Amino acid sequence: MNENSSLLSLVRMAFGVHCAVLFRPDGSENGSCTLTDFSSNDTPYVRKVSIAPGRDIVGWILRHKQTVAIPNLQEKNLREQRAALGYYNDEDNGSIVAFLGCPTPEGGVLCIDTTEPRSFTAEDRTLLLRFAQHISEVLRAPEEKKTAPQEELETYFQALDQIDHLDRECSGWPAYLSGVLDIASKSTGLEYTAFISIAENARMYVIEKENTPLLLNGRDSLEVPLDSGGLTSWVLQNEAAVFSEGGEGSPQTPLFSRMTGAFHFKSIICIPVFINRTVRGALCFASAEPHRFSNDMRTFTQLMSSRFSSYFEELYLKYRLQKLMAPAKFQSDSQDPEDSTKQS
């Protein structure tokens, strides 16, 4: 497996899809592109083909330079139009149900597809475009700067797989959170990881868990004013990730508030966690030593945040549902006995 195929494997795992495919310009006069790399989860298998602008769905993306999302290729109107992706034979094309593809900066196309119906969200489209940008940067970069070593990529694949297992196997939030932070530290080589969430009053944030107890030190959690400084406050208020490599001679940076007496770190990654497009927390990675963050590490930590956000959102919705159900249960339990008699 070459480095481009490894990146496509990461794309496939990030979306949990059947296949990820990359088309690149082949230099022909008609502007066609050739399938150069792919990562597939067994059958059906893709074909190595060249596709001209306007031909099939991939060709439409080439011509119009627009993202295409198709939640169900088996819908009647698409079947009647014999819509084809272009990189499967006719029989296998019928096995593919959902598709998402976008143009790449170098003039190609990056695609993913599934064998089950799927509605691709705006976040999915943004993430695929981000992957397309990253892959193009890798292809343009000098050979020695292309990607992290193969071993590093394999570590990231394994970490994402472990997180998927946590999602299915953990009995509750504390176990899941501990597992994620442990995986985050081991896979990135950054010795400190933590998760923080925004308190309900939106004026504080809560340090919920650390893999190494620097601040909690036996406490269940620690509340910090949102406006008290530190990189975490900046990330939550600006809804943007921070990657600070901390070169030699640079000052150590406060991850949390200057008021907490926390350790200052040389290198920090802090990525916001979203629920319904609103920042509700952040994943923090830090080290007392400078670290170079490869493009692959940056992509991997953002994927971790995306997976984590999905689980966090599910818990948040359950919490909201329980709060809504509680008054209804109270009303049911406190119903007047005389009313019950009248109804019966």
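Residues numbered from 1 in each chain as written. Predicted model: local features only at pLDDT ≥ 70, side-chain atom pairs only at ≥ 80, totals over all residues. Heavy atoms only, no water.

Peer 1: Tell me what's going on with the overall build of the protein chain, and back it up with residues and numbers.
Peer 2: Helices and strands together make up the secondary structure of the protein chain, namely 10 helices and 14 strands. Every one of the 344 residues in the protein chain was classed for burial, and the buried ones make up 46%. Put simply, 60% of the contacts in the protein chain that link residues at least 6 apart link residues at least 24 apart. (Helix = DSSP H or I, 4+ residues; strand = E, 2+ residues; numbered from the N terminus. Buried < 20%, exposed > 50% of the residue type's maximum accessible area, 1.4 Å probe, protein only. Contact = heavy atoms within 4.5 Å.)

Peer 1: I'd like a rundown of the packing of aromatic side chains, residues and numbers included.
Peer 2: Taken as a whole and judged by the stated rule, the model has 13 aromatic pairs. Both rings, one in Phe15 and one in Phe131, keep their centres 6.4 Å apart while their planes meet at 55°; by these two values the pair is tilted. Of this pair, Phe15 sits in helix α1 (residues 3-15) while Phe131 sits in helix α5 (residues 122-140), placing them 116 residues apart in sequence. In this pair, the class of Phe15 matches that of Phe131, namely buried. (Phe/Tyr/Trp six-rings, centres within 6.5 Å; stacked < 30°, edge-to-face > 60°.)

Peer 1: Summarise the nonpolar core; cite the residues concerned and give the values.
Peer 2: Core analysis: the biggest nonpolar cluster contains 52 residues, and Phe15, Leu110, Ile112, Phe131, Phe195 and Phe308 have the highest contact counts within it. If we skip the residues at most four places from it in the chain, Phe15 touches Ile112, Arg118, Asp124, Leu127, Leu128 and Phe131. Leu216, Leu255, Cys270 and Cys284 belong to the second-largest nonpolar core, a separate cluster that totals 24 residues. (Core = buried A, V, L, I, M, F, W, Y, C linked by side-chain atoms within 4.5 Å.)

Spatial relationships are all this shows, so hold off on functional conclusions.
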